[in-house]
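Here's the letter readout for the chains.
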Amino acid sequence: MSPVLSVRNLSKNFGGIKAVQDVNFDVAKGEFLALIGPNGAGKTTCFNMLNGYLKPNSGGSVQLNGKELLGTPPRKIWRMGVGRTFQITETFLSMTVLENIQMALISHHRRVFDMFSRATRLYVDEAMALLDLVSMSEHAERACSELAYGDLKRLELAIALAHEPALLLMDEPTAGMAPSERIALMALTADIVQREGVSVVFTEHDMDVVFAHSHRILVLNRGELIAEGTGDEIRANPTVQEVYLGGGTLFEDKKEAANA
């Protein structure tokens, strides 16, 4: 089966700094792929090239279902089926939860400039179905400004799914959340991946989250892809251990703690 996302020879320099160097990887349909690495490893730069916010220096290829994305504006890439969530949630705080989803659906269905329909009457059932998907239907009529941060993160996930993406990019989706909220959000996302067949690439600093839910892990260091594999393979990789703790046993310790 052809990959949903195929990345080849992706590189980005900022002056003399090599932020991303010749990165190659594929993402399968329905795969939950983690992209990890120390601060400054190049994770966000890589993300920003995948959805068109940054242009690579030269050459390279990023293909979604066989269609080239490099050189395509971000909005068109979004239309082609690449969604994204951010470290800081982006919602309309003065609107209700339901209205936020409706706005996403109105945009998805290209009815932003429809002058003859009241926005609040459009796609109500579809919006409620998305809220059910992320266990937020009971908050439908609440203003987003009243929501707890974890609920805002779930709402942002529903907004991203409103565009029916083939690929969802999640940049540190659990940033700023309490440990229990992190586990719940990523368990929910993993369930949606399995049920809906959406492919996900996410960056994350919480290794408990990474090892608990990802199907496969890529490790960046100083812009280079230094390892890839399953959670067990990454835990046992001496190069990864050296990068994170100078040869320590962080991953093994976390695995033992999680199983305790």
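Presented here is a report on the structure given in the accompanying data block. (Residues numbered from 1 in each chain as written. Predicted model: local features only at pLDDT ≥ 70, side-chain atom pairs only at ≥ 80, totals over all residues. Heavy atoms only, no water.)

## Describing helix α5 (residues 149–161)
In step 1: With 13 residues, α5 should cover 18 Å at 1.5 Å per step; its first-to-last C-alpha distance of 19 Å lies within 8% of that length.
In step 2: Counted residue by residue, α5 has 12 buried out of 13 residues, so it is predominantly covered.
In step 3: Three or more residues of α5 are buried, namely G150, D151, L152, K153, R154, L155, E156, L157, A158, I159, A160 and L161.
In step 4: Here the buried face of α5 lies against β6 (82–85), α3 (97–108), α4 (124–133), β7 (167–171) and α6 (179–196). (Helix = DSSP H or I, 4+ residues; strand = E, 2+ residues; numbered from the N terminus. Expected span 1.5 Å × (residues − 1). Buried < 20%, exposed > 50% of the residue type's maximum accessible area, 1.4 Å probe, protein only. Contact = heavy atoms within 4.5 Å.)

## A short note on the sheet that holds strand β1 (residues 5–14)
In step 1: Across the sheet, 4 strands lie side by side as β2-β1-β4-β5; this open sheet has antiparallel pairing. The open sheet has two edge strands with one neighbour each: β2 (17–27) and β5 (67–68).
In step 2: As paired strands, β1 and β2 are joined by 7 bridges and run antiparallel to one another. Along β2, the bridge assignment pairs N13 with K18.
In step 3: Across the sheet, helix α1 (residues 43–50) is in contact with β1, β2 and β4 (61–64); its angle to β1 comes to roughly 120 degrees. (Pairing = 2+ DSSP bridges. Axes fitted to C-alpha atoms, helices over the stretch in contact; angles between N-to-C directions.)

## Re the packing of α3 against α5
In step 1: Look at α3 against α5: their axes get within 8 Å of each other, and the N-to-C directions meet at 25 degrees. The angle between α3 and α5 places the two elements in the roughly parallel class. Here the hand of the crossing between α3 and α5 comes out right-handed. Where α3 approaches α5, its residues V97, N100, I101 and A104 are matched on the opposing element by L155, A158 and I159.
In step 2: For the contact of α3 with α5, the per-class residue count stands at 6 nonpolar, 1 polar and no charged. (Parallel < 35°, antiparallel > 145°, perpendicular 65-115°, else oblique. Left-handed = near helix turned anticlockwise from the far one by under 90°. Nonpolar A, V, L, I, M, F, W, Y, C, P; charged D, E, K, R; others polar.)

## Remarks on empty space enclosed by the protein
In step 1: Following the criterion strictly, the structure yields 1 cavity of 30 Å³ or more and no others.
In step 2: In this structure, the largest cavity spans a volume of roughly 40 Å³.
In step 3: The wall of the largest cavity is formed by T85, K153, E156, L157, M170, P173 and L185.
In step 4: Top contributing element to the lining of the largest cavity by residue count: α5, with 3 residues.
In step 5: For the lining of the largest cavity, the per-class residue count stands at 4 nonpolar, 1 polar and 2 charged. (1 Å grid on protein atoms, 1.4 Å probe; cavity = no way out; pocket = protein on both sides within 12 Å on 5 of 7 lines; lining within 4 Å. Points joined across faces, edges and corners; volume = space filled by probe spheres on them.)

## Quick look at the nonpolar core
Most often, soluble globular proteins keep nonpolar side chains buried together rather than apart.
In step 1: The biggest cluster of nonpolar side chains holds 49 residues, and the ones touching the most others in it are I101, L131, L155, L157, V200, F202 and I217.
In step 2: It is α5 that contributes the most residues to this core, 7 residues altogether.
In step 3: Ignoring anything within four residues of it in the chain, the contact list for V200 reads E31, F32, L33, L167, L168, M170 and V193.
In step 4: Listed in part, the 25 residues of the second largest apolar core include L33, I77, V82 and L167. (Core = buried A, V, L, I, M, F, W, Y, C linked by side-chain atoms within 4.5 Å.)

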